[in-house]
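Listed here are the chains, written in short residue letters.
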Amino acid sequence: MINSNLTIGVFGIGLDVYWEQFGGLKTSLEGYLQTLCLKFADQPVRIVNAGIVDTVNKAFETGKKFRQEDVDLVFLYVGTYALSSTVLPVVQKLNVPVVILNLSPEDRIDYESFNNLNDRTQMTGTWLKYCSACPVPEIANVFKRTGIKFYQVTGMLQHDEESDKEILEWVEAANVAHIMQNNRMGCMGNYYSGMLDIYTDLTLQIKYFGGHFEHIEVEELTTIKNTVTPTEVDQRVAEFREKFDIQEDCTDGELLRAAKTSVAMDKLVAKYQLGSFAYYHKGTGNADNEDTMSSIILGNSLLTANGVPVAGEYEIKNAQAMKIMDSFGAGGSFTEYYAMDYKDDVVLMGHDGPGHIAIAEGRTKVKPLQVYHGKVGCGLSVEMAVKSGPVTCLSILENGKGELVMLVAEGESVSGPILQIGNTNSRYKFPIGARQFVNDWNSHGPAHHCAVGVGHISSKLDKLAKILGMEMIQVC
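(A) How the structure looks around the packing of aromatic side chains. In this structure the tally under the stated criterion is 13 aromatic pairs. Look at Y191 and Y199: their rings are 4.7 Å apart centre to centre, the planes differ by 45°, and that puts the pair in the tilted class. When the centroid spacing of 5.6 Å and the interplanar angle of 40° are considered together, the rings of F437 and W441 count as tilted. Here F437 pairs with W441, and both are found in helix α16 (residues 434-443), just four residues apart, close to one helical turn. Just as F437 is buried, W441 falls in that class too. Three or more aromatic residues joined by ring pairs form one cluster here, namely Y337, F430, F437 and W441. The ring of W170 is capped by K463, whose NZ or CZ atom sits 5.7 Å from the centre of that ring.

Dropping the structure here:
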């Protein structure tokens, strides 16, 4: 799930004096660079290929070009030896991730054929095609001394699944960083009073992620809700029946109420161009607002499944985690652990409110609740379990030092009995066992919420953390 607005700068390097000495060397390196660019042919990204940078003048020109093109990520393809003075000017002013690609054209030199060339000039020219590893220490030294953050992929240019995976993960991570940088989160209502763990510094969030926080009053959603037409409501009810497994005890009145608020939420999201949302409404006796906020779960579940993750209890940090997981294509459902099954060695995790129905096991059930525990009102809620298979948990936490940290764990969503109480519920098994998982996870001081997504994506999250300048802790 790569954003079409992502722009990648690519350049190769070499030493200009080589070209006259070794015929065909530059042409070969340009071909290798084109092979690298073809790796992105199936990805919706824009490639800015600066070619082979082999002089200081071209290095300054390329740096200017990349700044003008507003690149989000730079791949430095090391084809042969080059002077570090022809590399540094390209990246010094960019302030974007730089990934050094130390990629040999093949798995090794054909020693026998090479040694039978009987022309030492030709032999040197051939050897230089395989010389990608040679200048990397020099480049790394200069980058370190000048404060350039860099990362490396070492391997082969072709037929190397490990290198290809690493390269694509850097692209995916840069894409998610780009999404977060441009994301607008709606914040409606206020914190659940007394949940000290979820309070957060919004300026600190912007420091790491970028983006914008739009503070919205509940009254605005209520006002929009009261303009929704009967036709819009009927269409949304039809969508509910298509997307959800509506249980028999759900009344038509509650479905109509949920549909009206769902349409209003869509309009609110469109008005402010929101990419994520966090909300909580304590209630003060305003019946119209209570009607709005007690009928919001189905619509917010649809939004979450459609790329606008919604977190309850005004959990902004977790809305960020959900947006990250969803931007990686993993989903990211709002959850917390609430009980442990020691017999089966699993942790029971879920939450009331919206669920990520796109990663549900089967169709998500809709059930009426006579009370929202700890919250005002009553109405329809969703009951789902996350798909069986590998999962990743992500929490964004503040570490008490003015820093944000990613806390990550990989496990499995496993089948078995769940609590059928009209909330999201899943059973998770972790490789270190339920007891150690809970102890280790808690030891880092997370909030009690996290985002759960499908698949094991810790390697991608690690790259994102590096791009954002954030520590990542993985408990399993």
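Here the narrative resumes, following the displayed structure.
(B) Expanded view of the sheet that holds strand β6 (residues 184-189). Read across the sheet, four strands follow the order β7-β6-β9-β10 without closing on themselves; strand pairing throughout is parallel. Looking at which strands have only one partner, the edges of the open sheet turn out to be β7 (212-216) and β10 (310-311). As paired strands, β6 and strand β9 (residues 276-280) are joined by five bridges and run parallel to one another. Along β9, the bridge assignment pairs M188 with Y279.

(C) Fine view of helix α12 (residues 252-272). Compared with the 30 Å implied by 1.5 Å per residue over 21 residues, the 31 Å span of α12 between its first and last C-alpha is a close match. Positive phi appears at Q273, one or two residues downstream of α12, with a value of about 55°.

(D) Geometry of unusual backbone geometry. Positive phi values are uncommon outside glycine, yet N95 reaches one of about 60°. Inspection of the secondary structure assignment puts N95 in the loop between α4 (88-91) and β4 (98-104). Here N95 falls in the exposed class, since its relative accessible area comes to 77%. Even without glycine at this site, N118 takes up a positive phi of about 60°.

(E) Expanded view of the side chain of T80. As for its placement among the helices and strands, T80 is situated in the loop between β3 (73-78) and α4. Assessed through its relative accessible area of 0%, T80 is described here as buried. Separated by 2.7 Å, the side chain of T80 and the backbone oxygen of L128 make a polar contact. Those residues in contact with T80 that sit more than four places away from it in its chain are I13, G14, Y18, L29, L128, C131, S132 and P135.

Thresholds applied
Residues numbered from 1 in each chain as written. Predicted model: local features only at pLDDT ≥ 70, side-chain atom pairs only at ≥ 80, totals over all residues. Heavy atoms only, no water. Phe/Tyr/Trp six-rings, centres within 6.5 Å; stacked < 30°, edge-to-face > 60°. Helix = DSSP H or I, 4+ residues; strand = E, 2+ residues; numbered from the N terminus. Buried < 20%, exposed > 50% of the residue type's maximum accessible area, 1.4 Å probe, protein only. Lys NZ or Arg CZ within 6 Å of the ring centre and 35° of its normal. Pairing = 2+ DSSP bridges. Expected span 1.5 Å × (residues − 1). Polar contact = N/O pair within 3.5 Å; in protein donor to acceptor, adjacent residues only side chain to side chain. Contact = heavy atoms within 4.5 Å.

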